[in-house]
Amino acid sequence: MDSFVSAFAEAGALLVSFDPDFLSIVGLSLRVSLTAVALACLIGFPLGALVALTRFPGRGVAILLLNTFMGLPPVVVGLIVFLVLSRAGPLGVLGLLFTPTAMIIAQTILVTPIVAALTRQIVADLWVEYGEHLRSLDAGPVTTLATLITDARYSLATVVLAGFGRAIAEVGAVMIVGGNIDHVTRVMTSAIALETSKGNLSTALGLGIVLLFLALTVNAAVQIINTSAGKRAALA
Amino acid sequence: MSGPASILPLRAHRLAFEAGGTRLLDDVSFILPAGRRTVLLGPNGAGKSLLLRLCHGLLKPSSGEVRWAIEGRRSARRQAMVFQQPVMLRRSAVGNITHALAAHDVPRADRLTRANAALALAGLSHVARRPARVLSGGEQQRLALARAWATEPEILFLDEPTASLDPAATRAVETLIEGFHAADTKIVMATHDLGQARRIADDILFLHKGRLLEATDAAAFFEKPQTKEGRAFIAGELLW
């Protein structure tokens, strides 16, 4: 019980202190995860829509793989990216291991299947409704894709959130490829793991509370945008 | 309406369509010339919607073929279709029309003017900025017609466009269809509504159980149907 009370005290202290070390950890967490989610959306939106709209041999397997990869274990992804980026690995010459870039790569790999798989489902459902009209218009593939993604934008906002939730919360991948180096690759989750192992439970909990608070803020922001825009356009 | 040559007449040659081993349409042939309003008449399940979709190219026939006077993309872009349940994009009323114009590669500068003209024609100018999906059923169907109008089709397929509308909305839709006819757009409409068929049709294609039983002048059909199914349908006896 004590540790909870002191954790909240610590969290509050952390929040108001504007401690530069703490702020750099939060900043790096946001930078890595937001960049990864943006990249994952750039790949996952069109990929999911393509799988939804095209028929090709092995499509069933592709959907199965996409859905399965939604649950990729972060440590496994971390390990694979580690092997690829390590000095002896195929991309070792780039010298990316233990940099934020490596963390972004790992999280992009984690989040892309989530974005693609959910996008596929949403676009497939919308196609049931729009398909005949778009084909009647003789709309080309680019127009069709753009129409479906544009009109599914409110559902896709939720997909972005799911992806962000996955990225900001995971520790396995960033820990392995980033190395949790102070001031370089330390993010909130890896800091929590470190503080816990050092026995600084209240600091760890404090960081955890700040992490939850961050997630809450992002979700609330999207929800506000969604409801006001949704009301304006009555798009449900 | 636009371009040098017409995509009409439309020739359907021995069309058949099967799904799951059931023959839903069998050996249907006809020619649709420009000008006259053609109504596909028949009870539910006769294959009217199916036939419209085959003509429009939304479905591929199991055998037989649909041929236009001009083939390929140019013919596809000069057709339009309005469905029983209008497909409303999650955009404003005017946005639904500019989207269709964009899909037809109409220059951006012209889209809004043409969309607004079409909305005015359909009496929808006052709801131009409203989301299409909050419009009433009648307004949505008029918007679907305005959207088709804006793309200036040579032929308009209508699949029971008033089946779920009240009498006033039905009248408004029929007036718009009349407008298409007056602008020399070929009308091909499926309906099971005898009164509507009498009001609109110049020619009747009478379908029953996937077969084309009569293809004739509307007046002649209503005066003296040549088949017992046709007589029964006009007499209002149920046909299954």
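This report concerns the structure included in the present document. In this text, all values refer to a predicted model and were calculated from it rather than measured experimentally. (Residues numbered from 1 in each chain as written. Chains lettered and ligands numbered in written order. Predicted model: local features only at pLDDT ≥ 70, side-chain atom pairs only at ≥ 80, totals over all residues.)

## Some words on the overall build of chain B
Reasoning step 1: Helix and strand counts for chain B stand at nine helices and nine strands.
Reasoning step 2: For chain B, whose C-alpha radius of gyration is 18 Å, the value lies close to the compact-globule estimate of 18 Å for 240 residues.
Reasoning step 3: If one aligns the C-alpha atoms of chain B with their principal axes, the spans along those axes are about 55 × 40 × 35 Å.
Reasoning step 4: Looking at chain B as a whole, 46% of its 240 residues qualify as buried. (Helix = DSSP H or I, 4+ residues; strand = E, 2+ residues; numbered from the N terminus. Rg over C-alpha atoms; globule rule 2.2 N^0.38 Å. Buried ≥ 20, exposed ≤ 12 C-beta atoms within 10 Å, placed from the backbone.)

## Focus on helix α4 (residues 108–121) of chain B
All names here are of chain B.
Reasoning step 1: The end-to-end C-alpha distance of α4, which contains 14 residues, comes to 21 Å, matching closely the 20 Å that a straight helix rising 1.5 Å per residue would cover.
Reasoning step 2: Those residues of α4 lying buried are A115, A118 and L119. One side of α4 carries all its buried residues, which in axial view fall inside an arc of 100°. Of the residues in α4, the exposed ones pointing more than 90 degrees away from the buried face are A109, D110 and T113.
Reasoning step 3: Taken from the residues just after α4, G123 is the one with a positive phi, measuring 70°. (Expected span 1.5 Å × (residues − 1). Arc of directions from axis to C-beta.)

## Comments concerning the sheet that holds strand β5 (residues 79–82) of chain B
Residue and element names in this part refer to chain B.
Reasoning step 1: Taken together, the six strands give an open sheet; going across it, the order is β5-β6-β7-β3-β8-β9, and neighbouring strands pair in mixed fashion. Whereas interior strands pair on both sides, the edge strands pair on one side only; in this sheet they are β5 and β9 (211–217). Across the sheet, the mean angle separating the axes of adjacent strands is 15° when strand polarity is ignored.
Reasoning step 2: In the sheet, strand β8 (residues 203–208) pairs with β9 via six bridges, with the strands oriented antiparallel. (Pairing = 2+ DSSP bridges. Axes fitted to C-alpha atoms, helices over the stretch in contact; angles between N-to-C directions.)

## Brief notes about the nonpolar core
Across soluble globular proteins, you tend to see nonpolar side chains buried next to one another.
Reasoning step 1: The biggest cluster of nonpolar side chains holds 130 residues, and the ones touching the most others in it are A:A106, A:V177 and B:A146.
Reasoning step 2: The element that contributes the greatest number of residues to this core is helix α5 (residues 100–136) of chain A, accounting for 18 residues.
Reasoning step 3: For A:V177, the contacting residues outside a window of four places in its chain are A:G78, A:V81, A:F82, A:L85, A:L97, A:A102, A:M103 and A:A106. (Core = buried A, V, L, I, M, F, W, Y, C linked by C-beta atoms within 7 Å. Contact = placed C-beta atoms within 7 Å.)

## Topic: the environment of B:L41
All names here are of chain B.
Reasoning step 1: With respect to the helices, strands and loops of the structure, L41 is situated in strand β3 (residues 38–41).
Reasoning step 2: Its 30 C-beta neighbours within 10 Å are what place L41 among the buried residues.
Reasoning step 3: Sequence separation between L41 and Q140 is 99 residues, and the spatial gap between their C-alpha atoms is 24 Å.
Reasoning step 4: If sequence neighbours within four positions are ignored, L41 has contacts with T191, A197, I204, L205 and F206.

## Some points on helix α6 (residues 167–182) of chain B
Residues and elements named next belong to chain B.
Reasoning step 1: In a regular helix each residue adds 1.5 Å, so 16 residues correspond to 22 Å; α6 covers 22 Å between its end C-alpha atoms and thus fits that length.
Reasoning step 2: Among the residues making up α6, those that are buried are T170, V173, L176, I177 and F180. For α6, the arc enclosing every buried residue in end-on projection is 125°, short of the 170-degree limit, so these residues lie on one face. Residues P167, A168 and A182 are exposed on α6 and point more than 90 degrees away from its buried face.
Reasoning step 3: Along its buried surface, α6 packs onto α5 (137–150), β6 (155–159), β7 (186–191) and α7 (194–200).
Reasoning step 4: A positive backbone phi angle near 70° is found at D184, which sits one or two residues after α6.

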